[in-house]
Each structure stands twice: as C-alpha cells, then as structure tokens.
Amino acid sequence: MHSLDSEDLDHFPDNLIAVSIKDTYKRYGNDEQALYESTRGIWALNEEKADAAEYILGVVDSHVVYVMSVAACLAAGSTNYFLRDDNGFADSNRYEFVGRTASEEIQARYLGKKLPSNPQGPHYYGPYLGKEFV
C-alpha cells in the first residue's frame, strides 16, 4: 500500500466510482488479480452512474490502491469470480464491472493518491451528466 502522505486528489476529469475494498484487500491480498476482483464487484449503485463510469477506484483507508478501466457494467452474478464467490448477490439490485487495469496514464492520475473522503460505500466523482460530484 502507498504511504499515508500521498498527494490528495482534488480534480476529477473522469467519471469515477470509488469503492472501499479494505475487507477483501485484507482477505485476498494485493496482487493484480485480487485487486481486480475486489474492485469490480459487487456493489449497490445508482444504475445511471454505474453505466456512465469510466473507471473504478479500489480504495483502502482513502488511498487508491487499484484503478480499473470499465468495459461494461453488468448485473451482479453475471460473471465468474476466481478468488472469491459472488456472495449470493445474483438477481439482486447490485452491479459488477468487467474491464482491465487502467492504462499507465490513468494510473498515474489516481493510483496512490488520497481521496477527499473515505468511501465506505460507493462514492461518485467526476463530471457525471454535466454535474460535478464530490
């Protein structure tokens, strides 16, 4: 994990959803596969914002530890998990994402940085639908 004196984020040019992955981070670790699975699901989200998300930030104690580029937002339980189970959330009002680790350029923008608040549930940042969400 990154140091606690990391740079604060105060500008959000992309549609982001920040999710706390603290519990799964402790349980499954911090290799790329574990971070991807922890970050991609399974979340109770605003459907419109979930569909518009460009990146998902995996966050531990306000610090961004993983940045995922979103390819699609799907109903929870639509895809398989390899390191964890889906906790029975199929057919619920929850969502999961598929994608990949964000490009180096996008990672440089967010990875290791500190958010203005510590999201416990999903937290939205960026210019969603012409509005600033912080």
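The preceding data block contains the structure.
Residues numbered from 1 in each chain as written. Predicted model: local features only at pLDDT ≥ 70, side-chain atom pairs only at ≥ 80, totals over all residues. Heavy atoms only, no water.

Student: What exactly am I supposed to notice about the overall build of the protein chain here?
Tutor: The number of helices and strands found in the protein chain is 4 helices and 6 strands. Reading the protein chain from its N terminus to its C terminus gives the helix and strand order β-α-α-β-α-β-β-β-α-β. Counting the 134 residues in the protein chain, one finds 46% classified as buried. Put simply, of all contacts in the protein chain between residues at least 6 apart along the chain, 75% involve residues at least 24 apart. Of the roughly 6900 Å² of accessible surface on the protein chain, a fraction of 45% belongs to carbon and sulfur atoms. (Helix = DSSP H or I, 4+ residues; strand = E, 2+ residues; numbered from the N terminus. Buried < 20%, exposed > 50% of the residue type's maximum accessible area, 1.4 Å probe, protein only. Contact = heavy atoms within 4.5 Å. Areas by Shrake-Rupley, 256 points an atom, 1.4 Å probe, with all protein chains shown as cover.)

Student: Before we go on, may I ask you to explain the packing of aromatic side chains in this structure?
Tutor: Centre-to-centre distance and the angle between the planes together describe a pair of aromatic rings. Under the criterion given, the structure shown has 1 aromatic pair. With centroids separated by 4.6 Å and ring planes inclined at 25°, the aromatic side chains of F12 and Y125 adopt a geometry described as stacked. Of this pair, F12 sits in the segment before strand 1 (16-20) while Y125 sits in strand 6 (residues 123-125); the two residues are 113 residues apart in sequence, bridging distant segments of the chain. For the pair F12 and Y125, one class covers both residues: buried. Seen from the ring of Y124, K49 lies directly overhead, with NZ or CZ sitting 4.7 Å from the centre. (Phe/Tyr/Trp six-rings, centres within 6.5 Å; stacked < 30°, edge-to-face > 60°. Lys NZ or Arg CZ within 6 Å of the ring centre and 35° of its normal.)

Student: Looking at this model, I keep getting lost on the pattern of salt bridges. Mind explaining?
Tutor: Opposite charge on two side chains makes pairing possible when the charged atoms of those side chains draw close. As enumerated under the stated definition, the model contains 5 salt bridges in all. Between D14 and R109 there is a salt bridge; the shortest N-O distance is 2.6 Å. Remark: R109 occurs in helix 4 (residues 104-110) and D14 occurs in the segment before strand 1; sequence separation between them is 95 residues. Of the residues examined, R109 reaches a relative accessible area of 28% and is grouped as partly exposed. A salt bridge links R40 to E96, with the nearest nitrogen and oxygen atoms 4.0 Å apart. Of this pair, R40 sits in helix 2 (residues 32-40) while E96 sits in strand 5 (residues 95-101), and the two are 56 residues apart along the sequence. Through salt bridges with shared partners, one network takes in D14, E105 and R109. (Salt bridge = Lys/Arg side-chain N within 4 Å of Asp/Glu carboxyl O.)

Student: Honestly, the sheet that holds strand 2 (residues 41-43) in this entry has me stumped. Any pointers?
Tutor: Hydrogen bonds between backbone groups are what pair the strands of a sheet, and the pairing can be parallel or antiparallel. Strand order in the open sheet made by the 6 strands is 2-5-4-3-1-6, with mixed pairing throughout. Taken across any chain shown, the strands that pair with only one partner, and hence form the sheet edges, are strand 2 and strand 6. Within the sheet, the average angular offset between the axes of one strand and its neighbour, ignoring direction, is 40°. Bridge analysis of strand 4 (residues 63-75) against strand 5 gives 7 bridges, and the strand direction is antiparallel. Each bridged residue has a counterpart across the sheet, and for L74 the counterpart in strand 5 is E96. (Pairing = 2+ DSSP bridges. Axes fitted to C-alpha atoms, helices over the stretch in contact; angles between N-to-C directions.)

Student: Mind showing me how you'd approach the nonpolar core here?
Tutor: Among the nonpolar cores identified, the biggest contains 21 residues, and I17, I21, L45, I56 and F97 are the most heavily contacted of them. Elements that contribute at least two residues to this core include exactly strand 1, helix 2, strand 3 (55-60), strand 4 and strand 5. Counting residues per element, this core draws most heavily on strand 4, at 5 residues. In contact with I21, other than residues within four places in its own chain, are L35, S38, T39, W43, G58, V59, V60 and V65. Residues F12, V67, L115 and Y125 belong to the second largest nonpolar core, which totals 14 residues. (Core = buried A, V, L, I, M, F, W, Y, C linked by side-chain atoms within 4.5 Å.)

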